[in-house]
Amino acid sequence: MLRWIRQQLGFDPPHQSDTRTVYIANRFPQHGHYVPQRFADNRIISSKYTVWNFVPKNLFEQFRRIANFYFLIIFLVQLMIDTPTSPVTSGLPLFFVITVTAIKQGYEDWLRHKADNEVNGAPVFVVRSGSLVQTRSKNIRVGDIVRVAKDETFPADLALLSSDRAEGTCHITTTSLDGETNLKTHYAVPETAVSQSVSRLEALQAVVECQQPEADLYRFVGRITVTQQGEEIVRPLGPENLLLRGARLKNTKEIFGVAVYTGMESKMALNYKCKSQKRSAVEKSMNTFLIIYLGILLFEAILSTILKYAWQAEDKWNEPFYNQKTDLERNSSQILKFISDFLAFLVLYNFIIPISLYVTVEMQKFLGSFFIGWDLDLYHEESDQKAQVNTSDLNEELGQVEYVFTDKTGTLTENEMQFRECSINGIKYQEINGKLVPEGVADDSPDGSIPRLIREEELFLKAVSLCHTVQISYDLDQADGFGDTFSHTNGFSQMEYYASSPDEKALVEATKRMGVTFMGSHAEYMEVKTFGKSERYKLLHVLEFDANRRRMSVILQTPSGEKVMFTKGAESAILPYIKSGELEKTRVHVDEFALKGLRTLVVACRHFSVEEYRDVDRRLHEARTALQQREERLADVFSFIEQDLELLGATGVEDKLQEKVQETIEALRLAGIKVWVLTGDKHETAVSVSLSCGHFHRTMNILELVQQKSDNECAEQLRRLARRIKEDHVIQHGLVVDGASLSLALREHEKLFMDVSKNCSAVLCCRMAPLQKAKVVRLLKTSPEKPITLAIGDGANDVSMIQEAHVGIGIMGKEGRQAVRNSDYAIARFRFLSKLLLVHGHFYYIRIATLVQYFFYKNVCFITPQFLYQFFCLFSQQTLYDSVYLTLYNICFTSLPILVYSLFEQLVHPHVLQSHPALYRDISKNSMLSFKTFLYWTMLGFCHAFVFFFGSYILMGEDTTLLGNGQIFRANRQLMFGNWTFGTMVFTVMVITVTLKLALETHFWTWIHHFVTWGSIAFYFIFSLFYGGIIWPFLHTQDMYFVFVQLLSSGSAWFAIIIIVTGCLFPDVIKKVLYRHLQPTSTQKSQMYSNRVAIGDDFIALQPLSRAKNQLGKIRWKRIRFQSAQNMTLLKAGTEGRTIGNC
């Protein structure tokens, strides 16, 4: 209990050692010197709050927001000093905002608690005291032996001890961790693999030593020491021995593993990291405007305080006969009185800072994000995937993108590989009817005949079919042993290959069609059938693929006992280490493959003598069992082994382009967005794909910065490119850069590189490492122009650039879900990007930009009459409005119209936005929140406020129904008809005007708009009649009693309302009409154009996906015509007799 309390308070000390020692079954040493290490329990905690800390922690987080803290200070000032308004006027809106936010966050955290309890309370089986005991997941301790059955998920990070298979292997899927659906094989060390029963596991004496927890899913360094008959046997442990929490057991009846990392120290939990908070340009502008308005507030408060004391310099105003001061007031400090008056004016004018702006913006972003998921145009029927929003805070940023950085494989292409060509021993081959045929030679062999392969061809195909990490899925009930696995009647008809890399799967399937079939692996053996003849190769070592080496190798023992290594990888990672073979011919063939847009791999081998293999085996064992710097030592050993290679050949695999990639890139270009392709492919392949997808045009002048060897050479080439761009300024330029040259360019010539790349229409970066991708994005992002960047990719190697860009988009592809999990938005296909930016981005930006400007405008209208009124009441801090009106202005009377506007407004029809991408340029560079636009809305607010105040003053001041002293006599009773009537008159005109002003700005009207616009005005009148027409017993004072009724009973009041509202809005109407006809923008031209569109549906995205999917099969495409000068024909989605807008 004490330890739990220390953990909750954060006092539990961290691990002191760099490694942890886990005693299997918790058999600790019996000597007295042993001090057990302390480990986390197995509870998963994804929740943010507890019952005890919710209120203080949530309040602390909310009051870190400057606007909330500001209103808290105002509220406290109202409580401490005598202020003109009730503390309720600030306290109630603040309480509303804080409460709504707290309820939302509390509900979300309650859902997290609920999910945590389900996970932590899941039943598990643990070996304790010689028997299998059922317990809850949260009770697992480090060192416990856990049993997991088929299709169950692992409750902690387990080191595999044994499985139901004699060799100690098991298959798992890590879909929930990295999205990869392929089967992965994990292994137990031979000494523990034999312990397949509870009794043998109970007798097992072993100790696991491993590194302390870290987040990397693919890294694990450890070793296991097994004591057998007094002898200690040490075996290395790596990622292939570790079963991660969240992964699922497949094709294996059961396994036993020892818990090494539990709870929040498991790798899955360590990956629950918060992404760096991204802030949109609109949010930054909003904060700038708040600071300006804070300055206006301070100016008004200081000016009012100074004028008050200037006015009171005369005795008749300082102490009039009707307001004599007490002795205490006469003797009080002038400085304290000045501060008190300044704070009182600050409270009086504080509503110029709109507290409800934040909560409205949050609601707009949260609710508005649903439209992306509901949009049928962003739904991919084949994969049944809809667009998803992971971060709604960046919706409007989609309308500000200037640079798009995209991956190639899986993003622009399908990531569906198909074998096309290969080169063997300097001869090019093609696959024709499942046979390997040299180029230029016709396949004249009869169907069904067994082709003959020469030695080089057979060795090449065997190398391809053995050098991989492909797994085979088969029916476990029919195939319990190695011999039975492939004894089906059709030989290998029941097999299905699974691979983490689509390239490997395509190559293994290709060799199968050509007669060399990989039959699977069992224990230490891999089986290959060559035209029906089975061969078993003993797998000695696997030299795993990594991004730095860009190759992988397997060391095998052939059936004849020879030791051989097969290696495959990128040509730049293989060819420099070739000792023999047709090097030059193969290099030419690789370049030819690349020019055709094929993905290339080079295959080589090395034969070991007995002495050479003994040395290799010793070095690998030493490196694999090292606990310190294991990766570095392994890299050195791999480099030592993978040399003096014999070249076997190369492969060419085609990756098809996705649908409508070319049209999407062209639309982005017309929208003023520059597209950069960042890929790991070789130069020729990348250029070929760029040309085919329209990223590079055939007429474009292609500039190259490749194969630079030194800083000076790189700088000189950059200067040459800059001169060429300057000389050929009319021609469009495309730039190609490789990873090595980019490293040199960014080292000392960053500015020169930026000047060259910014003057190019398209940039292609090839041979890029993941961190280089992020570096390029950061380079553009932090340049002086500060452009808005977007990164889009589908694989784990794209995560760094997705997180670095202002907006990150993940493609739901075949390379796992890391990119989707780390992105802000996720879509199924690249072509959806144009709708996401050109339509949704356009709408979101227009909506929130108007929302922000309108909020400041209506609050200037609200508080400026209060400031002007002080000139007429000797700066006595008398409030113009009733406290209830002060409180409800932003919460009730004017809140709904702007919220509905910010959810549904469409400046231009979606189809027009997509067919005219250039309209995107009109909103670029945050144009609608520029200082000029902000100044216009602010000055408009001041002008309207002056008209409200002085219009009411002039039109009502000479009203013959009012007496000069502000009183009216009726039916022998005296009614006040002065101060509160005038304030109510100003407030009434203001509510109507600001609501109708928004109506003038609205281009897209639905029944919801009409309901909230006219409903808000009607609600104000109804509320005021009830509020002032009844004596409410719970109100302390009721200054507004019958005031509103008396006001509306005056014909001159109605006349004044009409005149003032018309006087405010008529100039706006005139301005809009003149600008639209004399200087129309391209957006306004499109509005007039789209108004003539004969189209029935309002917006295809206004229904939930569940209904959309049901109707998707019923959708029929029909032609609709734009009744315009161009008479443009578009496709429209219509449903059976109903439009989606009416659903």
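Residues numbered from 1 in each chain as written. Predicted model: local features only at pLDDT ≥ 70, side-chain atom pairs only at ≥ 80, totals over all residues. Heavy atoms only, no water.

As a further point, take the overall build of the protein. From N to C terminus, the protein includes 40 helices and 39 strands. With 1143 residues in all, the protein has 53% of them scored as buried. Contacts in the protein between residues at least 24 apart in sequence constitute 74% of all its contacts with a sequence separation of at least 6. Carbon and sulfur atoms make up 56% of the accessible area of the protein, which amounts to about 51800 Å² in all. (Helix = DSSP H or I, 4+ residues; strand = E, 2+ residues; numbered from the N terminus. Buried < 20%, exposed > 50% of the residue type's maximum accessible area, 1.4 Å probe, protein only. Contact = heavy atoms within 4.5 Å. Areas by Shrake-Rupley, 256 points an atom, 1.4 Å probe, with all protein chains shown as cover.)

So, about the side chain of Q364. For Q364, the location among the structural elements is in helix α13 (residues 356-368). For Q364, a relative accessible area of 3% corresponds to the buried category. When near neighbours in sequence (up to four residues on either side) are disregarded, Q364 contacts Y844, R847, I848, L851, L899, S902 and L903.

So, on to the packing of helix α15 (residues 455-466) against helix α17 (residues 502-513). At a minimum axis separation of 9 Å, α15 and α17 run at an interaxial angle of 135 degrees. Here α15 lies oblique to α17, going by the angle between them. Between α15 and α17 lies a crossing whose hand is left-handed. Taken together, the residues of α17 that come into contact with α15 (itself represented by L461, V464 and S465) are L507, V508 and T511. Grouping the constituent residues of the contact of α15 with α17 by class yields four nonpolar, two polar and no charged. (Axes fitted to C-alpha atoms, helices over the stretch in contact; angles between N-to-C directions. Parallel < 35°, antiparallel > 145°, perpendicular 65-115°, else oblique. Left-handed = near helix turned anticlockwise from the far one by under 90°. Nonpolar A, V, L, I, M, F, W, Y, C, P; charged D, E, K, R; others polar.)

Glancing now at the side chain of H1009. The topology assignment puts H1009 in helix α36 (residues 1007-1029). Given a relative accessible area of 3%, H1009 falls into the buried group. Beyond its immediate stretch of four places on either side in the chain, H1009 contacts V900, Y901, F904, T1002 and F1004.

UniProt feature "active site" (unreviewed entry): in the numbering of this structure it lies at D407. Within the fold, D407 resides in the loop between β15 (403-406) and β16 (413-424). Apart from residues lying up to four places away in sequence, D407 is in contact with L412, L678, T679, K773, I792, G793, D794, D798 and M801. (UniProt positions renumbered as here; feature names shortened; annotations may be inferred.)

The subject of this paragraph is the pattern of salt bridges. Opposite charge on two side chains permits pairing when their charged atoms draw close. Here the structure, examined in full by the defined rule, presents 43 salt bridges. We note a salt bridge from R723 to E716, for which the minimum N-O separation is 3.9 Å. Beyond isolated ion pairs, a larger network of salt bridges with shared partners links E421, K428, E439, E592 and K596. (Salt bridge = Lys/Arg side-chain N within 4 Å of Asp/Glu carboxyl O.)

Attention now goes to the environment of G1028. Locating G1028 in the fold gives a position in helix α36. Linking G1028 and Q1046, residues 18 residues apart in sequence, is a C-alpha distance of 9.9 Å.

Moving on, we come to the nonpolar core. Core analysis: the biggest nonpolar cluster contains 99 residues, and V852, F862, Y881, F987 and M990 have the highest contact counts within it. Considering each element in turn, this core owes the most residues, 19 residues, to helix α30 (residues 832-869). Two domains each put at least three residues into this core: domain 1 (43-121) and domain 5 (855-961 + 976-1088). Setting aside chain neighbours within four positions, we find F987 in contact with F862, Y881, Y885, Y889, F893 and Y1020. (Core = buried A, V, L, I, M, F, W, Y, C linked by side-chain atoms within 4.5 Å. Domains from an automatic or database assignment.)

Let us now look at the pairing of strand β17 (residues 427-432). Here β17 runs beside strand β18 (residues 435-438); their pairing, made up of four bridges, is antiparallel. Counterpart to E431 in the pairing with β18 is L436. A loop of two residues connects β17 with β18, the two strands running antiparallel in sequence, and N433 in this loop sits at a positive phi of about 55 degrees. (Pairing = 2+ DSSP bridges.)

Here we take up the sheet that holds strand β5 (residues 157-163). Ordered in space as β3-β2-β4-β13-β5-β11, the six strands form an open sheet in which the pairing is antiparallel. The sheet is open, and its two borders are formed by β3 (131-136) and β11 (242-243), each paired with just one other strand. Judged from the three bridges that link them, strand β2 (residues 123-128) and strand β4 (residues 145-149) form a sheet pairing that is antiparallel. Looking at the pairing, V126 lines up with V146 of β4.

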